[in-house]
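# Topology and contacts: notes
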Amino acid sequence: MKLLEERIRRDGQVRPGEILKVDSFLNHQLDVELLSEIGKEFYRSYRDDGITKILTIEASGIAIACLTALQFHVPALFAKKAKSKNLDGELYMSTVSSYTYGKDYTVTLSKKFLHEGDRVLLVDDFLAVGKAMRGLLDICSQAGAEVAGIGIAIEKGFQSGGRELREKGYRVTSLAIIDEMREDGELRFRAQG
């Protein structure tokens with residue numbers, strides 16, 4: 001998605017530790033028009049796949065999930081990173097290690113929202129080593145839901161997550177894949193057809 005690549009080049013900031021800050025448009029301050037285009041692109045890719053739910057992990061994936069769900073006319077769900085007092089009933093749970101924060105979270109999703117027979121599109125802002133996606137895949141497995149695909153705004157193609165998920169047979173649609181990210185700010189995107 002050239003629009004996203006151009007925005008990353010213009011406003012993204014490369015930080016030490018292979019961190020790409022896109023907080024001015026994707027995961028702190030939100031460019032809703034860009035997010036809408038991301039949702040439309042995921043819809044174009046998966047519109048014939050019988051999607052019944054869009055699932056992400058809080059917090060950065062929620063906006064993408066909402067604008068994607070709007071295109072599909074289905075609910076957006078998000079796994080919560082902290083158990084709150086207002087979560088009631090039975091929960092699906094999975095442990096996820098955060099690349100960005102360097103810590104583990106137990107993510108939860110109420111069993112009343114995801115069921116056997118659901119066809120799920122998983123979405124997130126970033127895919128690096130794939131730990132968040134593995135947690136969401138685990139939750140879908142617990143529910144008996146089928147994962148129709150994985151939609152990622154920005155994939156760090158130089159890390160293992162996307163390759164491993166594709167090798168396991170998952171359909172991964174990444175709108176911008178970065179193959180090289182240098183500390184001087186230089187980015188090299190993978191050509192996509």
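From a predicted model like this one, the values you see are computed outputs, not experimental measurements.

## Looking at the overall build of the chain
- Along its length, the chain carries five helices and 10 strands.
- In summary, the chain has a C-alpha radius of gyration of 16 Å against a globular reference of 16 Å for 193 residues, a match within 12%.
- Dimensions of the chain, computed from the C-alpha atoms along their principal axes, are close to 50 × 35 × 35 Å.
- In the chain, 60% of the contacts between residues at least 6 apart in sequence involve partners at least 24 apart.
- Surface exposure of the chain reaches about 9,700 Å², of which carbon and sulfur atoms provide 46%.
- For the chain, the separation between the mean place of its 28 positive charges and that of its 29 negative charges on side chains is 2 Å.

## Quick look at the sheet that holds strand E4 (residues 76-79)
- Within the open sheet, the six strands sit side by side as E4-E3-E7-E8-E9-E10. Their pairing is mixed. A strand with exactly one partner marks an edge of an open sheet, and here the two such strands are E4 and strand E10 (187-189). Neighbour to neighbour, the strand axes of the sheet diverge by 30 degrees on average, direction disregarded.
- Examined bridge by bridge, strand E9 (residues 172-181) and E10 share three bridges and lie antiparallel to one another. Residue pairing in the sheet places Glu180 in a bridge with Arg188 of E10.

## What to know about the side chain of Arg7
- On the secondary structure map, Arg7 appears in helix H1 (residues 2-11).
- A residue is classified by how much of its surface remains accessible, and Arg7, at 15% relative accessible area, is buried.
- Those residues in contact with Arg7 that lie beyond four places of it in its chain are Gly12, Ser24, Phe25, Asp31 and Leu34.

## Topic: the pattern of salt bridges
- Taken as a whole, this structure holds 17 salt bridges when the rule is applied.
- A salt bridge links Asp184 to Arg182, with the shortest nitrogen-to-oxygen separation between them at 3.0 Å.
- Given the relative accessible area of 55%, Asp184 is considered exposed.
- One salt-bridge network, in which partners are shared between bridges, spans Arg7, Arg10, Asp11 and Asp31.

## A closer look at the packing of H1 against helix H2 (residues 32-46)
- Direction vectors running N to C along H1 and H2 enclose 145 degrees, while the axes themselves pass 10 Å from each other. Crossing handedness for the pair H1 and H2: left-handed. Counted together, Leu3, Leu4 and Arg7 of H1 and Leu34, Glu37 and Ile38 of H2 form the full contact between these two elements.
- Here the residues of the contact of H1 with H2 are counted per class, giving four nonpolar, no polar and two charged.

## Looking at the nonpolar core
- Among the nonpolar cores identified, the biggest contains 33 residues, and Leu4, Ile8, Leu20, Leu26, Ile38, Ile54 and Ile154 are the most heavily contacted of them.
- Residue assignment for this core shows that the elements contributing at least two residues are H1, H2, helix H3 (62-72), strand E7 (119-127), strand E8 (146-156), E9 and E10.
- For this core, the element with the highest residue contribution is H3, accounting for six residues.
- Not counting residues up to four positions away in its chain, the partners in contact with Leu26 are Leu35, Ile38, Ile64, Asp125, Ala153 and Ile154.
- Counting residues in each nonpolar core, the second largest holds 25 residues, with Tyr105, Leu136, Ala143 and Ala145 among its members.

Procedures and definitions
Residues numbered from 1 in each chain as written. Predicted model: local features only at pLDDT ≥ 70, side-chain atom pairs only at ≥ 80, totals over all residues. Heavy atoms only, no water. Helix = DSSP H or I, 4+ residues; strand = E, 2+ residues; numbered from the N terminus. Rg over C-alpha atoms; globule rule 2.2 N^0.38 Å. Contact = heavy atoms within 4.5 Å. Areas by Shrake-Rupley, 256 points an atom, 1.4 Å probe, with all protein chains shown as cover. Lys, Arg positive; Asp, Glu negative; His and termini not counted. Charge placed at Lys NZ, Arg CZ, Asp CG, Glu CD. Pairing = 2+ DSSP bridges. Axes fitted to C-alpha atoms, helices over the stretch in contact; angles between N-to-C directions. Buried < 20%, exposed > 50% of the residue type's maximum accessible area, 1.4 Å probe, protein only. Salt bridge = Lys/Arg side-chain N within 4 Å of Asp/Glu carboxyl O. Left-handed = near helix turned anticlockwise from the far one by under 90°. Nonpolar A, V, L, I, M, F, W, Y, C, P; charged D, E, K, R; others polar. Core = buried A, V, L, I, M, F, W, Y, C linked by side-chain atoms within 4.5 Å.

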